[in-house]
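# Per-entry structural report
Residue-level listing of the chains:
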Amino acid sequence: NEEGLLWFDLSSRRWEFDTRGIEAKEISDDVVEHMSERMTRLAHGMQSGLKLSACLGSRFDAETLLKGISENDFDIDEFLRFAVEFGYLREISSGKFMWAHDQIQQAAYELIPVTRRESFHLLLGSRMFLRTTSAEMDDDLFTIVGNINIGIRLMKSKHQKLEVARLNLRAGEMAIASSAFNSAAKYLVLGIALLPNGSWREDYELTVRLYDGATEAIYVTGDFDRLSTIIHTPLLHARRLEDKLNTYYILVRYLIASGQLNEAISKSINVLAQLGEILPEHVDNKVYAEEVEHVKQSLVNLSEDDLFNLPLMTDERKLACMQFMNVVFVAAYCSDPLLASILVFRMVRLSTGHGICNISAFAFGLYGTWLVSAVNSDFESGYRMGCLAINLMNRLEAKEFIPRVYTSVYAWINIWKEPFQAGLGKCLEGYDAGALSGDTECAVYCLFQYASCALYNCGEDLSTLERSVRLYIRRGIQYRQILPTKFLVTLHDLILRLIDSKESSYSIFFDSQEEALYQEGLESDISICRYILLKRKFHAFFNGDMDAAAQFLEMSSGYPTGPNGRSSHLTSGVVLDGLIAFHFARKEQENEIRWRNIGEDVIDLTRQWAKSSNWNFSNKLYLLEAEYFFLEDDETRALAKYEQSIKAASDHHFIHEEGLAFERAARFHLHYGRNEEALVCLSQTKKCYKSWGAHGLVNYIERTVAELDKVQRTR
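Residues numbered from 1 in each chain as written. Predicted model: local features only at pLDDT ≥ 70, side-chain atom pairs only at ≥ 80, totals over all residues. Heavy atoms only, no water.

## A closer look at the sheet that holds strand β4 (residues 89-93)
Pairing in this open sheet of three strands is antiparallel, and the strands run β3-β5-β4 from one edge to the other. Each having just a single partner strand, β3 (59-61) and β4 make up the two edges of the open sheet. The mean angle between the axes of side-by-side strands here comes to 35°, regardless of whether they run parallel or antiparallel. Alignment of β3 against strand β5 (residues 96-99), held across three bridges, turns out to be antiparallel. Bridging from a neighbouring strand, R59 pairs with M98 of β5. (Pairing = 2+ DSSP bridges. Helix = DSSP H or I, 4+ residues; strand = E, 2+ residues; numbered from the N terminus. Axes fitted to C-alpha atoms, helices over the stretch in contact; angles between N-to-C directions.)

As structure tokens, then:
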């Protein structure tokens, strides 16, 4: 101990430590060996106490230690007093102790000969199990099971193995309840390994529960390789459909996470049919219209208060139907928009007809997104339905549905009534809740909704956002949630382009290219195609490549969202469509009417949005109107609208759209030969983009200014 971090104080007769120094530096192996050697000189009883205590974890209480002591081994009070006096343990409260340092615990553990450790743990765990009452079992369960499991190889009796399998089941289910999914997976997989041949016949309920718990825990941890080795076993051996449902549910989640959307939808439709909920195999406009009429009829004369006070759903099969429609909705939203709407309608109808459950909160939230969608634009009713979803979730204490309800309400509904910035924090709360409850799929979608709104709608600082999204992608990969991670990678790649980075997010995380991802999406996930085209359109437009922007506008028209809710980033794409249209209406006389109609339609739509949320959409409406008056050659009104757009964007903290409004105003001035005014606007554009962190756009504006200066000098 040359650094003086650990010493024995003769006056106090105890070990003393430089706590901060030790925390900053690992104790070396030779120090552990030195401490273990000193411990071997202690009395037999003291050594026994140290060995037992080392197997109880970093913290334990006297009662737990007492249960592990063999008869007449040592006096527990004397041992604990000694261990505290010598600095091995610290008494943190009455009867509760912790090791002074984890390496001291390791030194005590080294007292147990390697060849005897398995038997030592097995005896300790068995002794504690026999001395623990049923009322105390939950408190000591993890310690008991942890010790027994280390020595499980020595256990030969079938009866004993089944008893330990039950203990591992109990520990695994407790771990899942406390969101310790990695630990849960270890307990439950070991429990399965302990099952004898023929357990599906002789120990059916135990076997079903072990597989149910294991598949859930393994899915959440993202260990899909291990999941694939066990997930089909219950489907082969379970006797009843009800006993297969949890496995089917996890299988569908796995298929969605890995991007196999069509197979996930097919599996879900098959299970729902077995449960009595028949979904149409092919959804056309006629089927969709019939479903709309049915859901509207189910809500006739029911106010939000009536829906809030509906009785609870008790039919197990209807509850299972809700569960499968809830989980497969994401897959349908991405690949079959009409089916997605029908899933929402069916969940609402089950709730009104058979009572509400936790999933009903999400169902009403999704119905609210349908009300605010492009086919309805009923922002007031949608907003009220969103409030109902939040209130119902709170009434039912359905915390596990926070990520799903928050996504539907704060990312899809409230954007039409409240500032974009108001929902950002809620998306992050949704991630935290999903990570805690095991809804890793929607947790990662919450991160995507946050990042997408922060970039496209709020103009958050790009350097900070880039670091955050890089972390979000790693989390998505860790959870093996490939589908939402693809969206995050696409978003991240746009950020890299904007900040003028030479990196490619596709290469970093997928060892692939954007076009490959786009082509994959054509097979099953049109939503990723839509998002890639938005990214390309946004980048092209902000960099002045109007021909490319128009091409991406045309391509994106082939991927409509249908009657489903619109995420905030889609509004940005619509506004860009209007700006692109007015540009080409001025440029292409032969196509002026077509482009003008597109632009005017976008103005009408944005005016409707701004009426509902002035904060979010007024600056966009002013900019579109400015471009319209520019087309009409109405200089006075166009200039006034540019100025209004700039001011509104500044007042509402949309720095990126303030820069865009200045840039479009500069183009307006250049058209009329007012180069000085254009240079002033471009200077302000550069300032905004620099503040945003968009160094790639700053470079583009600098090149534009340089070209303009060159033109002026030649005159």
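## Re the environment of A666
If you trace the backbone, A666 turns up in helix α36 (residues 655-671). Between the alpha carbons of A666 and N619 there is a distance of 17 Å; along the sequence they are 47 residues apart. Beyond its immediate stretch of four places on either side in the chain, A666 contacts A678, C681 and L682. (Contact = heavy atoms within 4.5 Å.)

## A closer look at the packing of aromatic side chains
Scanning the entire structure with this criterion turns up 44 aromatic pairs. Ring geometry for W200 and Y204: centres 6.0 Å apart, planes at 65°, overall edge-to-face. Each member of the pair, W200 together with Y204, is buried. One aromatic cluster in this structure is built from Y445, F448, Y456, F487, Y531, F538, F541, F542, Y689 and W692. If you follow K417 out to its NZ or CZ, it ends over the ring of Y383, 6.0 Å from the centre. For R536, the ring lying beneath its charged end belongs to Y518, and the centroid distance is 5.3 Å. (Phe/Tyr/Trp six-rings, centres within 6.5 Å; stacked < 30°, edge-to-face > 60°. Buried < 20%, exposed > 50% of the residue type's maximum accessible area, 1.4 Å probe, protein only. Lys NZ or Arg CZ within 6 Å of the ring centre and 35° of its normal.)

## Re the packing of helix α32 (residues 568-587) against helix α33 (residues 592-612)
At a closest axis distance of 8 Å, the pairing of α32 and α33 adopts a crossing angle of 145°. In this structure, α32 crosses over α33, and the sense of that crossing is left-handed. Facing T571, V574, V575, D577, G578, I580, A581, F582, F584 and A585 of α32, the residues of α33 in contact are E592, W595, R596, I598, G599, E600, V602, I603, L605, T606 and W609. When its residues are assigned to classes, the contact of α32 with α33 shows 13 nonpolar, four polar and four charged. (Left-handed = near helix turned anticlockwise from the far one by under 90°. Nonpolar A, V, L, I, M, F, W, Y, C, P; charged D, E, K, R; others polar.)

## Describing helix α9 (residues 158-177)
For α9, spanning 20 residues, the distance from its first C-alpha to its last is 29 Å, which sits close to the expected 28 Å at 1.5 Å a residue. For α9, the complete set of buried residues consists of L162, V164, A165, L167, N168, L169, A171, G172, A175 and I176. The inward-facing, buried residues of α9 contact α7 (117-131), α8 (137-150), α10 (181-193) and α12 (204-221). Its side-chain oxygen at 3.2 Å from the backbone nitrogen of H159, S157 defines the N-terminal cap of α9. Just downstream of α9 lies S179, where phi reads positive at about 65°. (Expected span 1.5 Å × (residues − 1). Polar contact = N/O pair within 3.5 Å; in protein donor to acceptor, adjacent residues only side chain to side chain.)

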